[in-house]
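Structural overview for review
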Amino acid sequence: MKAFVITSAACFIFYLVLTAGSGAIGLWSIYEIIAGLLLSIIVGFVSQKYVGGRMSKKALDPMRWMRFFVYLIYPLFWEMLKSNVDVAIRVITMDIHPGIVKIDSKQNNDIGVTLLANSITLTPGTLTVDVDEKNNLYVHWIDVKKKQPKTEDVCGKMADWVRRITQ
Amino acid sequence: MIEVIYALAGIGILFNFLGGIGLVRFPDVYTRLHAETKCTTFGSIFIVLAILLYELVNWSTNSWVMSFHSIIALIALIITNPAGAHAIARAAHRSGVHPKEAVVDSYEKVKR
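So, here's what we can say about the structure. This structure is a prediction, so every number in the text was calculated from the model and none was measured. Here, residues in each chain are numbered from 1, in the same order as that chain's written sequence. Chain letters start at A and ligand numbers start at 1, both assigned in the order the entries are written. With pLDDT at 70 or above as the cut-off, local features in this predicted model cover only qualifying residues; side-chain atom pairs require 80 or more to be listed or tallied, and sums for whole chains, interfaces and linings still use all residues. Excluding hydrogens and water, the side-chain figures rest on all heavy atoms present in the structure.

1. Examining the packing of aromatic side chains
Put simply, two rings from Phe, Tyr or Trp (the six-membered ring, in Trp's case) pair if the centres are within 6.5 Å, and we call them stacked under 30 degrees between planes, edge-to-face over 60, tilted for the rest. The tally for this structure, following the rule as stated, stands at eight aromatic pairs over all chains. Taking the centre distance of 5.9 Å and the plane angle of 90° together, the rings of Trp65(A) and Phe68(A) count as edge-to-face. In this pair, Trp65(A) and Phe68(A) are both assigned in helix H3 (residues 62-93), three residues apart and thus about one turn of the helix distant. Of the residues examined, Trp65(A) reaches a relative accessible area of 42% and is grouped as partly exposed. Through successive ring pairs, a cluster of aromatic residues spans Phe77(A), Phe15(B), Phe42(B) and Phe46(B). In this scheme, the term charge over a ring applies when either NZ of a lysine or CZ of an arginine sits within 6 Å of the ring centre and within 35 degrees of the ring normal. In this structure, Arg164(A) is placed above the aromatic ring of Trp161(A), and the distance from its NZ or CZ to the ring centre is 5.2 Å. The numbering of helices and of strands both runs from the N terminus, where a helix is a DSSP run of H or I of at least 4 residues and a strand a run of E of at least 2. A 1.4 Å probe rolled over the protein chains alone gives each residue an accessible area, and that area as a share of the maximum for its type sets the label: buried under 20%, exposed over 50%, partly exposed in between.

2. Points about the pattern of salt bridges
Residues and elements named next belong to chain A. For this analysis, a salt bridge means a side-chain nitrogen from Lys or Arg found within 4 Å of a carboxyl oxygen belonging to Asp or Glu. Under the definition given, this model contains eleven salt bridges over all chains. Note that Lys-146 and Asp-153 form a salt bridge whose closest N and O atoms lie 3.2 Å from each other. Its relative accessible area of 44% is what places Lys-146 among the partly exposed residues.

3. Quick look at helix H1 (residues 2-25) of chain B
Between the first and last residue of a helix there are one fewer steps than residues, each counted as 1.5 Å, and that sum is the expected span. For H1(B), which comprises 24 residues, the first-to-last C-alpha distance of 34 Å matches the rise-based estimate of 34 Å (1.5 Å per residue) to within 8%. For H1(B), the elements touching its buried residues are H3 of chain A together with helix H2 (29-57) of chain B. We call two residues in contact when some of their heavy atoms are within 4.5 Å.

4. Let's talk about unusual backbone geometry
Residues and elements named next belong to chain A. Phi at Met-94 takes a positive value of approximately 60°, unusual for a residue other than glycine. Along the chain, Met-94 turns up in the loop between H3 and strand S1 (99-104). Of note in the backbone geometry, Asn-135 takes a positive phi value of approximately 60° without being a glycine. Note on placement: Asn-135 falls in the loop between strand S2 (126-131) and strand S3 (136-141). Here Asn-135 falls in the buried class, since its relative accessible area comes to 16%.

5. Observations regarding the interface of chain A and chain B
Interface size is commonly expressed as the accessible area that is lost once the parts come together. With 40 residues of chain A at the interface, the matching set in chain B holds 43 residues. What gets called buried area is simply the loss in accessible area from a 1.4 Å probe that two parts show on being joined, summed for both. In this assembly, chain A packs against chain B so that about 3600 Å² is buried in total across both faces, 75% of it on carbon and sulfur atoms. At the junction of chain A with chain B, the criterion picks out one salt bridge. Across the pair Arg90(B) and Asp130(A) runs a salt bridge, and its minimum N-O distance is 3.1 Å. Counting of polar contacts relies on pairs of N or O atoms within 3.5 Å, with two restrictions inside protein: one atom must be capable of donating a hydrogen and the other of accepting it, and residues adjacent in sequence are counted only when both atoms are side-chain atoms. Where chain A touches chain B, the interface holds nine residue pairs in polar contact (both at pLDDT 80 or more). Counting only elements with at least two residues in the side of chain A that touches chain B, the list comes to helix H1 (2-18), H3, S1, helix H4 (110-122), S2 and S3 of chain A. Ranked by residues supplied to the side of chain A that touches chain B, first place goes to H3(A) with ten residues. Tallied by class, the residues present in the side of chain A that touches chain B amount to 25 nonpolar, eleven polar and four charged. Polarity classes work like this: nonpolar for Ala, Val, Leu, Ile, Met, Phe, Trp, Tyr, Cys and Pro, charged for Asp, Glu, Lys and Arg, and polar for all others, with Gly in that last group.

Okay, here's the thing in structure tokens:
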């Protein structure tokens, strides 16, 4: 029941965001609200056991969300800024030393590995190619400085940040 | 204020343009993915910022629609772009495309 309510509410809010500005009740017309309610109840009923079974209590901890939003701005966006300029210069000068290196991700759960791998891919200059059973990441690096790098050489402080968010 | 909007849109277009140039100039599929998928994500962030600022300055009732939709487009882009780049790179390596000019290839020895 809890999973059903949470899923339906999330779907309804998303529907309202998508249809904002359609009418006179607040920002929405009465037809959009009714259609959104019906659809989100149907979706919540169908998908409750998939969403509810996997939801852990960590997802409701507000401190983790705070850290996540801080993480989006300071390490992630800053790294993206630095390395985007770096790759833009490499596009012009063609000074590249590419290679695929193996790093330890330092994570122990799936969400952490997913978040770290996506962060590594979003910062240009590094691209996650694969992950193995021991959570080692294979990273294509456009400017290989060491052949056996540590985690910090590839992704800076991001691994520690992600570990603090998800563990 | 309009200068800031132009500057943000200009930065976004510049990075998207450099991504397009990198797509032509880089030697193989992996380095092309670097230029193409990520410079465009970064450029799109700045273009969306420019849209948000424009809507904030010229505020009307319909500004909600434009702002929300561009934020949702940006979130979708940020989630799907690394996933797509990863999928293309892994598929390319599994079908035997080796990185050109590679200094090191640790992934080659992995049994799969």
